Amino acid sequence: MDVTLEQPAMSDRIKNAADISVIVIYFVVVTAVGLWAMLRTNRSTVGGFFLAGRSMVWWPMGASLFASNIGSGHFVGLAGTGAASGIATAVFEWNALFLLLVLGWVFVPIYIKAGVMTMPEYLKKRFGGKRLQIYLSVLSLFICVALRISSDIFSGAIFIKLALGLDLYLAIIILLAITALYTITGGLASVIYTDTLQTIIMLIGSFILMGFAFSEVGGFDSFREKYMNAIPSIVEGDNLTISAKCYTPQPDSFHIFRDAVTGDIPWPGMIFGMTIVAAWYWCTDQVIVQRCLSGKDMSHVKAACIMCGYLKLLPMFLMVMPGMISRILYTDKVACVVPSECVKYCGVEIGCTNYAYPTMVLELMPDGLRGLMLSVMLASLMSSLTSIFNSASTLFTIDIYTKIRKKASEKELLIAGRLFIVVLIILSIVWVPLIQVAQNGQLFHYIESISSYLGPPIAAVFLLAIFCKRVNEQGAFWGLIIGLVIGLIRMIAEFAFGTGSCIAPSNCPKIICGVHYLYFAIILFFISVLVVLGISLMTKPIPDVHLYRLCWALRNSTEERIDLDAEEKREEEANDGVEEDDVEDSRGCFKKAYDLFCGLQRRGPKLTKEEEEVLKKKLTDTSEKPLWRTVVNINALLLLTVAIFVHGYFA
């Protein structure tokens with residue numbers, strides 16, 4: 001069968017009235033929801049555009065946490081790694097259950113009491129100085145491009161390429177145009193509402209597919225048996241001797257805890273290394289924390305974390321297992337080992353596991369539902385991208401732009417944030433070919449390993465910042481820098497030598513690449529902790545008066561805090577009074593419409609000092625009603641029980 005014959009066959013599948021109309025309806029509904037949220041909420045202040053005005057209730061927040069975490073990278077990556085090696089990758093998802101509780105009960109109360117909008121801003125309040133804030137902003141933006149945006153775009157493009165038969169890059173550009181449109185105009189509230197809609201669609205679509213998949217295979221027991229025998233028909237060729245372990249499913253496919261030395265996801269790495277990476281992602285990452293900071297009160301935030309935790313149990317059944325079933329149904333394609341065969345099926349020599357989920361959507365689903373699933377993939381892609389774009393522009397505007405232009409007006413900041421999104425998009429498109437080359441067969445391992453090289457030092461600094469008030473700016477800064485250098489050495493070595501595949505192992509020196517990335521995360525974390533503590537103990541501590549309500553020991557103190565950046569603040573306030581005279585009614589209709597669309601319309605009169613105090617109190621308030629506090633605490637214990645049970649059941 002020739003390549004040219006095979007590709008159109010896939011894309012013709014979608015060219016029927018039912019599928020096309022479903023996709024069109026879907027986009028109309030999403031745009032409508034985005035516009036509704038945009039007109040309903042306050043986007044003309046920095047706090048409104050970036051934090052949805054602290055007015056969100058728990059269920060859209062929980063849905064948005066889940067949706068901004070689960071991108072199309074998860075559908076493609078989790079299912080692909082599942083097809084290649086069994087159920088263990090689902091633990092990357094389950095690990096989040098514990099960390100979400102830590103986020104809601106430990107981290108968010110402190111961030112709210114500190115009154116911050118971004119994570120670098122917290123570091124600046126806690127440690128003083130500018131270099132930490134700028135370092136973290138730049139690093140977070142780099143991680144955004146290298147990890148999140150590009151892996152999501154890449155996996156979304158796989159879908160579009162398969163379904164519509166478009167060119168990869170054309171597909172990417174169309175996608176980004178739609179996404180950028182409603183992020184740039186809508187701010188965080190429209191992102192959170194469209195996320196909620198998309199979470200619902202994602203869950204319905206993937207549940208239906210899971211049903212089809214299991215009925216096709218004949219139930220759970222026959223699924224276990226057939227998976228172990230899913231061996232491709234062509235296992236030799238290209239003059240290569242391919243060892244049997246490259247194409248036979250692993251004997252421990254149905255176990256979560258794998259051998260500590262030979263396993264592809266070793267169990268000590270899973271328990272400790274993964275938790276460290278997850279702490280960085282769930283507790284200190286702008287995209288996630290920003291969702292929580294928009295909550296109405298603490299009980300809503302905690303409820304949102306619990307809801308997201310329950311949703312995180314699903315990927316095992318919605319993504320990993322269907323990916324494994326895809327290997328059973330399309331063994332030759334998904335599990336190909338001979339490079340020439342793989343190129344024939346998906347154009348990549350290393351393997352086609354990334355195509356496990358998309359293939360199944362296009363082969364198994366009936367007309368109409370196939371359109372729904374395609375919209376689901378676009379939904380998950382767009383929801384991740386919108387949340388990343390919104391958070392990245394927050395970081396840029398609040399942490400970097402205000403340093404370059406000290407006296408920028410609020411209007412200028414909003415415009416700068418929107419323009420920055422455009423720059424980000426261009427950067428991400430340029431990054432995609434790098435992933436295509438480095439997509440070592442398994443997208444999910446790419447995502448997790450890069451997180452393990454860049455995340456641990458950040459996790460170390462935030463944990464110490466909150467739990468150890470002795471830590472100071474010098475310690476934190478050098479801990480981050482040394483951790484970054486060690487992580488980059490490993491990351492660049494892997495890019496340079498390639499990570500190798502089962503057939504052709506990479507020739508990267510053992511001392512650099514020989515350690516499994518999860519073990520590497522543990523080592524890196526402890527090196528960072530030692531550096532931070534060592535340097536902090538050798539330099540002067542920060543006096544308590546600067547730390548009230550910024551770390552755990554002093555979280556409930558009511559005394560006045562003197563911010564370490566107090567001098568800068570005074571300058572800013574002095575400049576504040578000068579600007580913005582009334583240049584009102586001279587604007588034409590067109591200009592008014594444009595301002596309304598971008599959320600730049602004038603706000604009411606300036607607040608008096610008392611009103612500002614009241615507003616500030618509302619924004620930094622973490623009190624809860626006793627009844628609801630008890631309710632969320634009981635639910636948290638339930639969630640923990642469930643988490644421990646699933647780990648035990650599949651161990």
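Residues numbered from 1 in each chain as written. Predicted model: local features only at pLDDT ≥ 70, side-chain atom pairs only at ≥ 80, totals over all residues. Heavy atoms only, no water.

Moving on to the overall build of the protein. For the protein, the helix and strand inventory stands at 27 helices and 0 strands. Classification of the 651 residues of the protein by burial places 58% in the buried group. Of the contacts made within the protein by residues no fewer than 6 positions apart, 83% connect residues no fewer than 24 positions apart. Summing over all exposed atoms, the protein offers an accessible surface of approximately 26,600 Å²; the carbon and sulfur share of this is 67%. (Helix = DSSP H or I, 4+ residues; strand = E, 2+ residues; numbered from the N terminus. Buried < 20%, exposed > 50% of the residue type's maximum accessible area, 1.4 Å probe, protein only. Contact = heavy atoms within 4.5 Å. Areas by Shrake-Rupley, 256 points an atom, 1.4 Å probe, with all protein chains shown as cover.)

By the secondary structure assignment, Ile-178 is in helix H9 (residues 168–217). Along the chain, Ile-178 and Met-382 lie 204 residues apart, while their C-alpha atoms are 8.5 Å from each other. Discounting chain neighbours no more than four positions away, the residues touching Ile-178 are Phe-27 and Met-382.

So, on to the packing of helix H6 (residues 91–114) against helix H11 (residues 267–284). Between two packed helices, both the angle of their axes relative to each other and the distance between the axes serve to describe the pair. Close contact between H6 and H11 brings their axes to 8 Å; oriented N to C, the two are set at 45°. In this view, H6 runs oblique relative to H11, as classed from their interaxial angle. Relative to H11, H6 is oriented so that their crossing is right-handed. Here H6 contributes Val-91, Phe-92, Asn-95, Ala-96, Leu-99, Leu-100, Val-102, Leu-103, Phe-107 and Tyr-111 to the contact with H11, which in turn contributes Met-270, Met-274, Thr-275, Ala-278, Ala-279, Trp-282, Cys-283 and Thr-284. Residue composition of the contact of H6 with H11, by class: 15 nonpolar, 3 polar and no charged. (Axes fitted to C-alpha atoms, helices over the stretch in contact; angles between N-to-C directions. Parallel < 35°, antiparallel > 145°, perpendicular 65-115°, else oblique. Left-handed = near helix turned anticlockwise from the far one by under 90°. Nonpolar A, V, L, I, M, F, W, Y, C, P; charged D, E, K, R; others polar.)

To continue, consider the packing of aromatic side chains. Counting across every chain of the model gives 23 aromatic pairs. Taking 5.7 Å as the distance between ring centres and 45° as the angle between the ring planes, the aromatic pair formed by Trp-94 and Phe-650 counts as tilted. Within this pair, whereas Trp-94 is found in helix H6, its partner Phe-650 is found in helix H27 (residues 626–650), the two being separated by 556 residues in sequence. For Trp-94, a relative accessible area of 0% translates into the label buried. Between Phe-107 and Tyr-111 the ring centres are 6.1 Å apart and the planes differ by 45°, which places this aromatic pair in the tilted class. Placement of the pair is Phe-107 and Tyr-111 together in helix H6, with a separation of 4 residues, close to one helical turn. (Phe/Tyr/Trp six-rings, centres within 6.5 Å; stacked < 30°, edge-to-face > 60°.)

Going through the model one piece at a time under the given rule, you end up with 1 disulfide. The disulfide bridge from Cys-336 ends at Cys-342, spanning 2.1 Å between sulfur atoms. As the torsion about the S-S bond is roughly 120°, the Cys-336-Cys-342 disulfide counts as right-handed. Cys-342 matches Cys-336 in its accessibility class, with the two residues each being buried. Not part of a disulfide, Cys-283 finds its nearest cysteine sulfur in Cys-305, a span of 8.7 Å. Between Cys-468, a free cysteine, and Cys-551, which holds the nearest cysteine sulfur, the sulfur-to-sulfur gap is 8.8 Å. (Disulfide = S-S within 2.5 Å.)

The next point concerns a nonpolar patch on the surface. A grouping of Phe-257, Trp-267, Ile-271 and Phe-272 is seen on the molecular surface, where their side chains present a nonpolar patch of about 380 Å² in accessible area. Structurally, Phe-272 is set in helix H11. (Patch = residues over 30% accessible without salt bridge, like charges linked within 9 Å, V, L, I, M, F, W, Y side chains within 5 Å. Salt bridge = Lys/Arg side-chain N within 4 Å of Asp/Glu carboxyl O.)

One can describe the packing of H11 onto helix H20 (residues 443–467) by two numbers: an axis separation of 7 Å at closest approach and a directional angle of 70°. Taken as axis vectors, H11 and H20 run roughly perpendicular relative to one another. As H11 packs across H20, the resulting crossing turns out to be left-handed. Of the residues in H20, those in contact with Ile-276, Val-277, Trp-280 and Thr-284 of H11 are Glu-448, Ser-451, Ser-452, Gly-455, Pro-456, Ile-458, Ala-459 and Phe-462. Residue composition of the contact of H11 with H20, by class: 7 nonpolar, 4 polar and 1 charged.

Turning next to the nonpolar core. In this structure, Leu-103, Tyr-122 and Trp-282 are the most contacted members of the largest nonpolar core, which totals 191 residues. Ranked by residues supplied to this core, first place goes to helix H8 (residues 131–164) with 19 residues. Discounting chain neighbours no more than four positions away, the residues touching Tyr-122 are Ile-110, Tyr-111, Ala-114, Val-116, Phe-462, Ala-465, Ile-466 and Leu-550. Among the nonpolar cores identified, the runner-up in size contains 6 residues, and Val-235, Ile-242, Cys-246 and Tyr-247 belong to it. (Core = buried A, V, L, I, M, F, W, Y, C linked by side-chain atoms within 4.5 Å.)

A few words now on the side chain of Thr-89. Within the secondary structure, Thr-89 sits in the loop between helix H5 (72–85) and H6. Leaving out residues up to four positions away in the same chain, Thr-89 has contacts with Leu-78, Thr-81, Gly-82, Ile-265 and Val-320.

Before going further, it helps to spend a moment on helix H4 (residues 58–69). For H4, built from 12 residues, the straight-helix expectation of 16 Å at 1.5 Å per residue is met to within 8% by its first-to-last C-alpha distance of 17 Å. Along H4, the positions that sit buried rather than exposed are Pro-60, Met-61, Gly-62, Ala-63, Ser-64, Leu-65, Phe-66, Ala-67, Ser-68 and Asn-69. (Expected span 1.5 Å × (residues − 1).)

Okay, the confidence of the model for the protein next. Confidence in the prediction of the protein, expressed as mean pLDDT, is 79, and 82% of residues score 70 or more. Below pLDDT 50 for its whole length, residues 1–8 participates in 7 contacts with residues either more than four positions away or in separate chains. Throughout residues 577–585 the model reports pLDDT below 50, and contacts reaching past four residues in sequence, or to other chains, amount to 9 contacts. (pLDDT = per-residue confidence, 0-100.)

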